[in-house]
Amino acid sequence: MPGSQRFLAAALAAGFIAALIGCRSVIDRNKTYRIGTDNSLPYHALNEQGRPEGFAVDVLEAAARRAGVRLEWVLATEGPGPAINSGAVDLWPAVGPAVTQRSPSAHLTAPWIRNSYALVARRDLKGGFGEIRTIATGPFLMPQRVASLLLAHAGQVVFPSRDEAWRAVCENKVDGAILEIRVIQFFSIQPPGGCSEQPLRVTGLDYPGSNLSIAAPPKSAAVADALRDEIEKMVESRELSAILEPWAYYNADDAQLIYRENLNRRNTLLAYIIAGVLLAAGVLSALQWRRNHLLSKAAVDAEQRLKRILSSIQEVVWSYSLSDQKLSYVSSAVEAVYGCTREESGGKSPPWREWIHPEDRDSFEKTFRRAAAGDAVSIEYRIRSPQRPQPRWILERLTPVIDSSGAVTRIDAAAMDVTARMEAELARKAGEERFRKLIEKGTDVIALADAEGRIVFISPSVADFIGYNHEEMSGLPVLQCILPEDVQAHQSEIQSVFRTPGAYANLELRVRHKDGSIRIAECRFRNLTNIEGVGGIVVNSRDITERRQAEQDKGRLIDELEARNAELERFAYTVSHDLKSPLITIRGYLGFIEEAAEKGDMEQCRADLTRLRHASGKMERMLGELLELSRVGLVAHPKEKVSFSKLAREAAALLKGELDASNARLEIDAAMPDVFVDPGRIVQVLQNLIENAVKFSESKPVIKIGVGDDDVTPVFFVKDNGIGIEPQYHSRIFELFEKLDPQSEGTGIGLSLVRRIIEMHGGKIWVESNEEAEGSTFCFTLPLAAVAPPVNFSEGL
Amino acid sequence: MATSTVLLVEDDENHAELIRRHLGGHRVRFDLIHVTDGEEAIDYLLRKGNFQGLDASPAPQVILLDLRLPRIDGLEVLRFIKTEETLRLIPVVIISSSAAEKDVRDSYRLNANGYVVKPLDFKEFRSLMKELGIYWLDWNQSASLASPKPGQSPLQ
């Protein structure tokens, strides 16, 4: 790569120049060189035991060993510039070129590592840096400086931790954040809570100040250059990458939290330095004074603060040396994560291996062996330690460390307690299971179709609905069972749903059941092709056949009831009116009879009494017939199979006297079909019709009872040779109390009764009469008794 | 004083007799022509059918019309009279046993000149018919009487 070649050339050139300048300064192998740290993890820091930690520490210690130089790490929270100026340190492990502003005499080696920064923004931010109005940073000076240099126009928001800066971006509280690339890499793998869904765009930032060198005052410049040379050799031998690898995932939470405590008070460099000094002093004095039993309040505060900080680290980092078969390092979070103390963990093998849930132990061992064989792996397992009997989930990443020969020497690991997340995950799975059951056991049919409309999934309840089970339906077009004419009728709606993500249509469609019957479905088509996890057309269907049927039945019943009600109203009106007539006559002539009786006019009396008798007789007849009429609907006699000819003969027998008196001739077709009727009622019908025929004949009545074919239904008839009925009265004659002849003796109820009986049997009645043919023909239909299918006589027989 | 003519359209023979005996009491003299259905009534008014050639038969001073009639219903007869140019000035009084609101309204809508309900009570019946006769045959000035030749049919 040209970049690394330039880097190499610059480094060699710097080394060469340094060697020339170094004539003035020599390396003193007996001297211990003080190398400064301002607790900048993951580069360099002093831990609570006063031991140096950090990858710059590891790198420079290795370089010093190779160069035969001894280093002593000293805390210099005032920062590299002042520390170099004051002579408090001989070396500074990693610092940008800006240090020469504060310490112009400082010697800088060629940079040996680049602390690179990047801008993180929401993916939908498109217009470049100009669009970024607010920028978030963590509580570190370098990124803040990068932000004010490269994004001077943007308002800077300093968050107390990098997680919060990251979250602010994904929650859209700020337009972007500037973070170290190693932090971005870490967060990409393990996003801070609530940010796993939001994709973010990362843009690398070019900032010369992030090239870090070893700095030294002039008198120790030679040592700095010597160390830099060794680093160069370590690059070539791959030793450097082996040292750096375990640090790649390291998220310097210790340092971050220490800074946070102080920065929260005042975010200035001065305050930071003063606070750092105070804190360092506090820690140091706490350690000393504790030994001397001289605890001051300040020391207690400082120690408590430190403990709180250390206990709040959530991830444990450990390093297992394969050659020594023991843990070479374990961070303080071990107790929180695994439930054992640091001391307990110092054994040959990580003791928590015994506490791994029996079901997970095999897979852990397998994973561990894979890491030992050189694979970077991660695993989730359950653990239950004696101190913490509640089982917890651990997420652990194992990274093998390979030496220059390619052999795995060490396994570095980072582990965290993910119980809360796992429990949420398990709860989510249980929820999914519940939904699946709901879909499977529900009566509604839910189908998922692909973009071509083929069924990808359909709930088993489909079998109850259309008779085909879900396996038969799978892969078929989702519109398969819908009647083609219904698909045709709703084509545009269905097509638009299939075309448009998010579109839906509610349709009522008829589907054909496996048994051939038609069912009515209420369907909701919805295009969810744009929804992750669905990615298709969802059709919810519900069988509403019975509901529709019930609605139709209800409508028909209401119509029937309304018709009956209207009929009843008409009936009540007509009856009250027509029954009043004879009453008026009776009352009217009673008055005359009284007057005539007073006068002794017996002639008049007798004449009026005749009228009276007449009227009361008519009223009696009307009442009797009305009662009969109302009975037709009320009293249902069982129906039976009976010969219609026989019924006609019965009616004739009952009217023998009248027929004889009027010298009438009655002809009955002897071969009429059997009917399925209430025999008494049908005899009543025939009686009425025969009586009418006799009544409206002028001379010798000739009456025929027979049957004719009206297409398919046999039509029975009673035909006379009487006066006939003019067409305009053909329907009126069947109405209650309607009479064509005012002089006739009838009540006007007879034909109403006839019609009522025929209709109760499900038949129809009408009259045929015209001027050409003499007389009237009353025609009606009746239900036939079940007959054998007609025999076909072919020519051969 | 010329004798008035009354056309009574009534299917019930007994009712017709009651009306004939009571109408106008003893105060007015009139000829009562009784027909039993709507068809006959129209035939009479138009001098058709059985009434053909009865030129001398006078136009009625008032028509007493029952509603429930065989063949042609009372309301149809009323509609016919009131839409026929030569007949519509003749007063038509409905005499019915029905007091139903619908019947009353329908009659007036078809321009009936009066509507009376046949009373059940003998005395009431008698006084109603007496007053009715006096009113329509004596007191009321009808258009047909105002014609220059009393007794001449307006249909000619």
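Residues numbered from 1 in each chain as written. Chains lettered and ligands numbered in written order. Predicted model: local features only at pLDDT ≥ 70, side-chain atom pairs only at ≥ 80, totals over all residues.

Q: Just give me the short version of the overall build of chain B, but keep the residues and values in it.
A: Secondary structure assignment for chain B yields five helices and five strands. In chain B, the order of α-helices and β-strands from amino to carboxyl end is β-α-β-α-β-α-β-α-β-α. In chain B, which comprises 156 residues, the proportion classed as buried is 42%. Taking the intrachain contacts of chain B between residues at least 6 apart in sequence as the baseline, contacts between residues at least 24 apart amount to 70%. (Helix = DSSP H or I, 4+ residues; strand = E, 2+ residues; numbered from the N terminus. Buried ≥ 20, exposed ≤ 12 C-beta atoms within 10 Å, placed from the backbone. Contact = placed C-beta atoms within 7 Å.)

Q: Hey, could you go over the interface of chain A and chain B for me, with residue numbers and the actual values?
A: Contacts between chain A and chain B engage 19 residues on the former and 19 residues on the latter. When residues of the side of chain A that touches chain B are traced back to their parent elements, those giving at least two are helix H21 (545-599) and helix H22 (602-634) of chain A. Tallying contributions element by element places H21(A) first for the side of chain A that touches chain B, with 11 residues. Looking at side-chain class alone, the side of chain A that touches chain B contains eight nonpolar, six polar and five charged residues. (Nonpolar A, V, L, I, M, F, W, Y, C, P; charged D, E, K, R; others polar.)

Q: Give a description of the packing of helix H25 (residues 679-695) of chain A against helix H26 (residues 750-760) of chain A that names residues and reports values.
A: Residues and elements named next belong to chain A. In the contact formed by H25 and H26, the axes pass within 9 Å of each other and the chain directions differ by 145°. Read as a crossing pair, H25 and H26 show a hand that is left-handed. Counting all contacts with H25, which are made through Arg 681, Gln 684, Val 685, Asn 688, Leu 689 and Asn 692, the residues of H26 involved are Gly 750, Leu 753, Val 754, Ile 757 and Ile 758. Its residues placed into classes, the contact of H25 with H26 shows six nonpolar, four polar and one charged. (Axes fitted to C-alpha atoms, helices over the stretch in contact; angles between N-to-C directions. Left-handed = near helix turned anticlockwise from the far one by under 90°.)

Q: Outline the pairing of strand E17 (residues 392-402) of chain A, supporting the account with residue identities and numerical values.
A: For a regular strand, the rule is simple: side chains alternate between the two faces of the sheet. All names here are of chain A. Pairing analysis gives seven bridges linking strand E16 (residues 377-383) to E17, with the strands arranged antiparallel. Bridge pairing in E17 links Arg 382 to Trp 393. Where E17 lies against strand E18 (residues 408-417), nine bridges are found, and the strand directions are antiparallel. From the neighbouring strand, Ile 402 faces E18, where its bridge partner is Val 408. (Pairing = 2+ DSSP bridges.)

Q: Can you tell me about the sheet that holds strand E3 (residues 62-65) of chain B, naming the residues and giving the values?
A: Residue and element names in this part refer to chain B. With parallel pairing, five strands are arranged side by side in an open sheet as E2-E1-E3-E4-E5. At either margin of the open sheet sits one strand with a lone partner, and together these are strand E2 (30-35) and strand E5 (114-117). Mean inter-strand twist for the sheet, computed between neighbouring axes without regard to direction, equals 20°. Here strand E1 (residues 4-9) pairs with E3 via four bridges, running parallel. Bridging across to E3, Val 9 finds its partner in Leu 65. Contacting E1, E3 and strand E4 (92-96), helix H3 (residues 74-83) crosses the sheet at an angle of about 160° to E3.

Q: Quick rundown of the environment of B:Leu64? Include the residues and the values.
A: Residues and elements named next belong to chain B. Structurally, the position occupied by Leu 64 is in strand E3. Leu 64 sits in the buried class, given 26 other C-beta atoms within 10 Å. For the pair Leu 64 and Gly 114, spaced 50 residues apart in the sequence, the C-alpha separation amounts to 9.4 Å. The residues touching Leu 64, leaving out its near neighbours within four places in the chain, are Val 6, Leu 8, Val 9, Ile 19, Val 93 and Ile 95.

Q: Outline the nonpolar core, listing residues and values.
A: By size, the foremost hydrophobic cluster in this structure holds 41 residues, and its most contacted members are A:Ala215 and A:Leu227. Elements represented by at least two residues in this core include exactly strand E2 (45-46), helix H2 (55-67), strand E4 (70-75), helix H3 (80-85), strand E5 (92-95), strand E13 (211-216) and helix H8 (221-236) of chain A. Tallying contributions element by element places H8(A) first for this core, with eight residues. Those residues in contact with A:Ala215 that lie beyond four places of it in its chain are A:Pro80, A:Ile84, A:Trp92, A:Val95, A:Val99, A:Ala106, A:His107, A:Leu108 and A:Ala224. Residues B:Leu64, B:Leu69, B:Leu75 and B:Ile81 belong to the second largest nonpolar core, which totals 38 residues. (Core = buried A, V, L, I, M, F, W, Y, C linked by C-beta atoms within 7 Å.)

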